[in-house]
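An overview of the molecular structure
Given next are the chains, with one letter for each unit.
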Amino acid sequence: MTRSEALSRLRAQIDEGKPIIGAGAGTGLSAKCAEAGGTDLIIIYNSGRYRMAGRGSLSGLLPYGDANAIVVDMASEVLPIVRETPVLAGVCGTDPFRLMGVFLDELARIGFSGVQNFPTVGLFDGTFRQNLEETGMGYGLEVEMIRLAHEKDLLTAPYVFTVDEAVAMAEAGADVLVPHMGLTTGGAIGAGTARTLDDCVPLIQAMHDAAKEINPAVIVLCHGGPIAEPDDAAYVLAHTEGVVGFFGASSMERLPTETAMTENMRRFKAIPV
């Protein structure tokens, strides 16, 4: 699906008063089920594979594999099974071993409709984050990746963590902006430390407002932290202005799987003998 086709579909949903919902998929089955349930976007990246292997999503930020190679490998599982939904690749924009223009062309060739910046250094903070910025592995490379993807007419849906990053990504041509509230809480391998929903609301609103000043057409979703369940997303949308949807990864595949499979096993174990 082309960028223009995908954007037309997203804007039609907004015009109908329906939320835009994006779903991370770590397996072909996750993608198939998300599409069957009506998701508007499917995003695949290395953390999806780790997450569905029972490891925390932050595995995707650590040196357990080549993130960009993993997303290409995952494509062979996900792309053939998705019928009508645009699929975005999580791209590690700071990867020093990729000619990024060549890599983006390859993603388009194999069937991706767009990209997101993941793994992202936006999830690092403190001295370590400062050192990444100082040694040529900073968030600015992710902005440049999104700029290049936009020039290549790929749909872009970057994560942002601050107002300044929201402005930078809007200026780079982001189509869909996703304010990121941190590692998703809940379940067996979710975060225990996170902001509250009320903490998230003004942060998301500020990033939305800053991006809209640059590009009034940008679509803004929310993601992460305590926004884990449908009621959480509904709360944020009700308490913000102009935020039109939610992107979930753990929320879409890990949490439902943990709940359903655990309960199913309990039902089997309850069979009398």
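Higher on the page you've got the structure.
How each quantity is defined
Residues numbered from 1 in each chain as written. Predicted model: local features only at pLDDT ≥ 70, side-chain atom pairs only at ≥ 80, totals over all residues. Heavy atoms only, no water. Helix = DSSP H or I, 4+ residues; strand = E, 2+ residues; numbered from the N terminus. Rg over C-alpha atoms; globule rule 2.2 N^0.38 Å. Buried < 20%, exposed > 50% of the residue type's maximum accessible area, 1.4 Å probe, protein only. Areas by Shrake-Rupley, 256 points an atom, 1.4 Å probe, with all protein chains shown as cover. Lys, Arg positive; Asp, Glu negative; His and termini not counted. Charge placed at Lys NZ, Arg CZ, Asp CG, Glu CD. Salt bridge = Lys/Arg side-chain N within 4 Å of Asp/Glu carboxyl O.

The helix and strand inventory of the chain stands at 11 helices and 9 strands. In summary, the chain has a C-alpha radius of gyration of 18 Å against a globular reference of 19 Å for 273 residues, a match within 12%. Taken along its principal axes, the extent of the C-alpha atoms in the chain is 65 × 40 × 40 Å. Burial status across the chain gives 50% buried among its 273 residues. Taken as a whole, the chain presents about 12,500 Å² of accessible surface, with 56% of it coming from carbon and sulfur. For the chain, the centre of its 20 positive side-chain charges and the centre of its 34 negative side-chain charges are spaced 8 Å apart.

The full count for this structure, using the stated rule, is 13 salt bridges. The salt bridge involving Arg-98 is made with Asp-95; its shortest N-O contact spans 3.8 Å. For Asp-95, a relative accessible area of 14% puts it in the buried group. In this structure, the salt-bridge partner of Arg-254 is Glu-258, at a minimum N-O distance of 3.1 Å. Of this pair, Arg-254 and Glu-258 both sit in helix 11 (residues 250-269), separated by 4 residues, roughly a single helical turn. With relative accessibility at 4%, the residue Arg-254 sits in the buried group. For Glu-258, a relative accessible area of 22% gives the class partly exposed. Among the ionic contacts, a cluster of salt bridges with common partners joins Arg-3, Asp-153 and Asp-175.

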